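# Chains, contacts and geometry: an overview
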Amino acid sequence: MNDRIEKRIELKAPLSRVWRALTDYREFGAWFRVKLDGPFVPGEVSRGHITYPGYEHVKWEAVLQKLEPERLFSFTWHPYAVDPKTDYSKETPTLVEFKLEKTAGGTLLVLTESGFDKIPSDRRLEAFRRNDGGWTEQMQNVESHVAQKP
Amino acid sequence: MWHKSRNRRGGNPNAPAPVFAALGDETRLSLVARLSAGPPCSISQLTGGSRLTRQAISKHLRVLEHAGIVHGVRAGRQKLFEFDPRPMQEVRGYLDLVSEQWDQALARLRLFVEK
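Residues numbered from 1 in each chain as written. Chains lettered and ligands numbered in written order. Predicted model: local features only at pLDDT ≥ 70, side-chain atom pairs only at ≥ 80, totals over all residues.

## A word on the overall build of chain B
Scanning chain B for helices and strands turns up six helices and three strands. Mapped in sequence order, the helices and strands of chain B form the string α-α-α-β-α-α-β-β-α. Buried residues in chain B amount to 29% of all 115 residues. In chain B, the share of contacts with a sequence separation of at least 24, taken over all contacts with a separation of at least 6, comes to 57%. (Helix = DSSP H or I, 4+ residues; strand = E, 2+ residues; numbered from the N terminus. Buried ≥ 20, exposed ≤ 12 C-beta atoms within 10 Å, placed from the backbone. Contact = placed C-beta atoms within 7 Å.)

## What about the packing of helix H3 (residues 26–37) of chain B against helix H5 (residues 54–66) of chain B?
How two helices sit against one another is set out by the angle between their axes and by the gap between those axes. Residues and elements named next belong to chain B. Viewed as axis vectors pointing N to C, H3 and H5 meet at an angle of 70°, and their least axial separation amounts to 10 Å. Classified by the interaxial angle, the pair formed by H3 and H5 is roughly perpendicular. The residues of H5 that touch H3, namely those facing Thr27, Arg28, Leu31 and Val32, are His60, Leu61, Val63 and Leu64. Class assignment of the residues belonging to the contact of H3 with H5 gives a composition of five nonpolar, two polar and one charged. (Axes fitted to C-alpha atoms, helices over the stretch in contact; angles between N-to-C directions. Parallel < 35°, antiparallel > 145°, perpendicular 65-115°, else oblique. Nonpolar A, V, L, I, M, F, W, Y, C, P; charged D, E, K, R; others polar.)

## Remarks on the environment of Lys7(A)
Along the polypeptide, Lys7(A) turns up in strand E1 (residues 4–11). By C-beta crowding, Lys7(A) is classed as partly exposed, having 15 other C-beta atoms within 10 Å. Between the C-alpha atoms of Lys7(A) and Leu111(A), which are 104 residues apart in sequence, the distance is 5.0 Å. If sequence neighbours within four positions are ignored, Lys7(A) has contacts with Leu111(A), Trp102(B) and Leu106(B).

Distances and angles like these do not, on their own, reveal function.
Shown next as structure tokens:
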């Protein structure tokens, strides 16, 4: 069993376009569904609010790690930190890395998130409980809404 | 059903369960493979057929016990070790959940950059 998640997707868009979508805080916010307070600065905390329907009360907080132009964008954060009453700051965060590579058809994006072994087991259980009718269902709602009203 | 494993595991419920670390070792993986496929075993049984000493096996079992992957159960004067699948299921399920969220986020990123 691996202590990390890895996703590889090929995007039909130039490297510069993907880089901007990842690292411009407004563009990142548009697809990630978070309203960020300001630009990403390595070593600094990025703050904002989730704009995902039903999760608007949830704060976004991540520490920017690397911004290596058109190559690597990374931050640390607390995955599934959706309970406003819980202080996640004392827990070890996970590392999220977006690596980009130019391909013939566009851009290869490799996303990894690592460090899950350090997440308290109670937090993992909480994520399960919250997932009942959580993100997945929300997503299905949005999809069916869009499908009905194109 | 998940909260039971926490109670049984004991200790500080907020401490991370070092499941990945516990499984990141060939010997421990082979112990887990053996215990998950059969009945509870004693240290002697687990040492038999292995090139490792009783002390070494015992040390590995403690790591697995700490992660909640095996539990010691008393059988008369013997201590037997039994496999508990829950910590591994819990970790797997959690990773699946986070993984699914990334799939959704990356699908939105695709729409965003390819439009």
